[in-house]
Amino acid sequence: MGVSSFQPSAQQLQQAREAYAKLAPTERQQLDQAAWERGYVQQHFAKDSNQASPGSFDAGSELESLELEGTVPATFPYAPVALPNVDKARRWDGLDKNRLSGAQANEVIVKAYGQLDKSFQGYLGGHPPVANWMTYGKYAAREAGVQITRVEGSLRMVETLDPATAISSLLDLGHNTELFGNFGLPLLNDAIARAQQEASQDPLAIANRAITGITGAPGRAAKVLQYFKENLQALDHALVYGNTQIYDNIAPAFDTFMQAESKGQDGLAAVKDLVQAGKIEDPQGFVVQAMGLYQDAHKLQARIDAGEPGLEQTREDMIARADLLLGVQEQQVILQSDHVFGNPTMQRLMAALTPHATLTDPTGVHQLLSDGQGNWADFKTRMGFDEYASAEDARAALRPEQANDPLCQPLVVTDQAGQPHYYLPSSDPKVTAGTITDYFTRNFKEPRLLDGTPRELPRIDQVNEFGGKVPLDITTDLRGAHADADFQTLIDIARANGHNDWANEVEGLRALPDGPARAQLINALADQVGTGDDLKKALAAATTPEELAVLASVAHYRHDDDLAKKAREKAAAKK
C-alpha cells in the first residue's frame, strides 16, 4: 500500500468521522483508504529505527488510524471458560498420586484451549474461518502432553524398580524405542556415554554390553540409571513448566478479552488491566499487540459483513500477525527462559532429541525442522526467522510491496540478557521447513485443524508397563476409529513407523462387521497391557470364521499362542 507524507490532525480526523456517516459506501471506502495510508504507517517511521524498546513496533496502537475506535456491540455469545490452577504440577515428583501431575495438568490445558479456540473463531467470524493462536495451541499442547505423559511414566517406573531391573527394562529401548516415546533411546545413549566417562575400565566393552541388554555390575547399572533419571527429571520440569506457564499467560488473556467484548465492552482495555495488575506477564507487549490486532480484525469483519469490499486481505493479515506475536510471546518470553530452553541441560538434550521430534495433528505426522536438522532449543531456529543487525537492515530485506506495511515490519525481540534482536520470517524454505512460522502459515486456513479436536491423550499407566510395540498416540486413536478413512490413517502412520504387524491386524479387523468381537479386538489392539482379558472376551463373542481368523492373528501377535490355537480350532469347527 502507498504511504502519504500527510499526518492528519485531531481536528481533521474528527471532521472525517462526522463526514463518514453521510457518505455512500464507495465514498466510505475511499475515506477509509485515505485514513489507512495517512495515519497507519506514519507513527512507526517517525521513531528511531534502532530503538531497542519492546514498544518499537506497537502494531495494536498504530492500527487505530483505521478509524476503528470504539467497540462493536456484542454479536457473539460467550460463556467464560473454566481455567483451573495447574501450578502444582510443576512440583510433581513422579510418585505422589495425590498431587497433580504434568500429564493431568495437560488434560486441563488442552480442554481449555479447545474451548477458547471454538469461542474465538466465533468472535473473529469470517467465511471461511482462519486460525487464531488457540487453534495451533490446542494441538501443540496435546503433543507436549504426550511427551510429558511418557516422561512421567518413565520416571515412575525408574523410581519404583531396583536399579538392576530398571536398567534392564530401559535397555529394551534399543529394540522398542516407542515405549517411552521417540526420546527414549537418545536419552539412554546419552546416559551411557556420560557413565562411560567415569568408568574405570574398558568403556567400549561397557557400552557394548549396555546396548545389547547386558547390564554388567549393579553399581554401573545404577550409575547409568541415575543419569537417565536426571535427564528425565530435567525434561519433565522443562516441559511441565513451559506448558503451564504458557497456559497461565495466554489463556486468561483470551478469556478476559472475550468476556469484555461479548458484553459490548473493550476487550483490549481488559487485557491491559490484566497486565497492569500483574496477572499475566507481557514485558515486551506482544500479548497486548496481538489482542489489539484481533480486535481490529473483528471490527473489520463487521464492516465486511455489512458489504464493504476490499478489506478481507487486511483482516487476514492482522490475524496472522497476531498469531505470530503470540508465538513469539510463548517461544521467547516463556520457553527461552532458564527453566526451559535457556537451560544448558535442555539444550544438550534437545540436540539429541530434535532429529526424532514430530508433531501429529489431523493432517498427519510432521517432522520438526528440515529433516530434523538443528536444535529445537534455539529460538531463531524453531521459529524459522532470519536475524539482522538492526531494524533498518531488516526493513531493507523486505520486498518493495512490504516496505510500508506495518504487518510486515521486523519483530524486535529482547532476549533474557536484555539484548534486542531484529527478526523477519525467513523466505528460504530450507530455513522455514518444519518451523513454527511454517506451521502457522501452512495451516492458517486448514479446515481440518479449525474443525478438528486434539487426539485423546495416553494414560500414564500405559507408559508404566512393558510389552506393547506400537506408539501410544496411535493405539489410543484406534478406540475412536469409525470410518474407513480413520482406520486407513492409523494403518498408514503405523507402517510409516515400521509397525507392520500391528498395521496388518488393524487391516483385518476393520473389515469385520460391528459387534462384540470386533469391539474386544479393538480394545486388545488399543491397549499396551492387560490384553489377555480382551482376547478371551473376543474369543467368547466371536461367531464367524472371519472374526476368529482375525482373533487368531491378533493373539499370535500378542504372543498368546494358546488362545490363537483355540481361535483356529473354533473356526475349524464352524466350517
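In this report, we go over the structure that sits alongside the text.

How each quantity is defined
Residues numbered from 1 in each chain as written. Predicted model: local features only at pLDDT ≥ 70, side-chain atom pairs only at ≥ 80, totals over all residues. Heavy atoms only, no water. Helix = DSSP H or I, 4+ residues; strand = E, 2+ residues; numbered from the N terminus. Buried < 20%, exposed > 50% of the residue type's maximum accessible area, 1.4 Å probe, protein only. Core = buried A, V, L, I, M, F, W, Y, C linked by side-chain atoms within 4.5 Å. Contact = heavy atoms within 4.5 Å. Axes fitted to C-alpha atoms, helices over the stretch in contact; angles between N-to-C directions. Parallel < 35°, antiparallel > 145°, perpendicular 65-115°, else oblique. Nonpolar A, V, L, I, M, F, W, Y, C, P; charged D, E, K, R; others polar. Left-handed = near helix turned anticlockwise from the far one by under 90°. Phe/Tyr/Trp six-rings, centres within 6.5 Å; stacked < 30°, edge-to-face > 60°.

Here the focus is unusual backbone geometry. The amide bond that connects His127 to the next residue, Pro128, takes the cis arrangement and shows omega of -5°. With respect to the element layout, Pro128 can be found in the loop between helix H5 (102-124) and helix H6 (133-160).

Let's shift gears to helix H24 (residues 516-526). Most of H24 sits out of view: eight of its eleven residues are buried. Among all positions in H24, only Ala517, Arg518, Gln520, Leu521, Ile522, Ala524, Leu525 and Ala526 are buried.

Attention now moves to the nonpolar core. The nonpolar side chains of a soluble globular protein tend to be buried with one another. By size, the foremost hydrophobic cluster in this structure holds 89 residues, and its most contacted members are Tyr113, Phe120, Trp133, Phe254, Met291 and Tyr294. It is helix H10 (residues 218-262) that contributes the most residues to this core, 14 residues altogether. Aside from chain neighbours lying at most four places away, what touches Tyr113 is Trp133, Met134, Gly137, Lys138, Ala141, Ile246, Tyr247 and Ala251. Among the nonpolar cores identified, the runner-up in size contains 29 residues, and Leu478, Ala542, Leu551 and Ala552 belong to it.

Attention now moves to the environment of Gly452. Within the secondary structure, Gly452 is located in the loop between helix H19 (447-451) and helix H20 (460-463). It is 8.8 Å that separates the C-alpha atoms of Gly452 and Asp361, two residues lying 91 residues apart in sequence.

What follows deals with the packing of helix H11 (residues 267-276) against helix H12 (residues 286-305). Their axes nearest at 9 Å, the elements H11 and H12 cross at an angle of 170°. What the angle tells us is that H11 and H12 run roughly antiparallel. Residue-level contacts link Gly267, Leu268, Val271, Lys272 and Val275 of H11 to Val287, Val288, Met291, Gly292 and Gln295 of H12. Broken down by class, the residue content of the contact of H11 with H12 amounts to six nonpolar, three polar and one charged.

Looking at the secondary structure, you find Gln329 in helix H13 (residues 312-334). The residues contacting Gln329, other than those within four sequence positions of it, are Asn249, Glu281, Asp282, Phe286, Val287 and Ile334.

Our next topic: the packing of helix H23 (residues 500-509) against H24. Where H23 meets H24, the closest approach of the two axes is 11 Å, and the angle between their N-to-C directions is 165°. What the angle tells us is that H23 and H24 run roughly antiparallel. Crossing of H23 over H24 shows left-handed handedness. Taken together, the residues of H24 that come into contact with H23 (itself represented by Trp502, Glu505, Val506 and Leu509) are Arg518, Leu521, Ile522 and Leu525.

Glancing now at the packing of aromatic side chains. All chains considered together, the criterion is met by 13 aromatic pairs. An angle of 65° between the planes, with centres 5.5 Å apart, marks the rings of Phe379 and Tyr423 as edge-to-face. Here Tyr423 lies in strand S5 (residues 420-425) and Phe379 lies in helix H15 (residues 379-383), a separation of 44 residues in the sequence. In this pair, the class of Phe379 matches that of Tyr423, namely buried. Among the aromatic residues, those joined into a ring-pair cluster are Phe120, Tyr123, Phe254, Phe257 and Tyr294.

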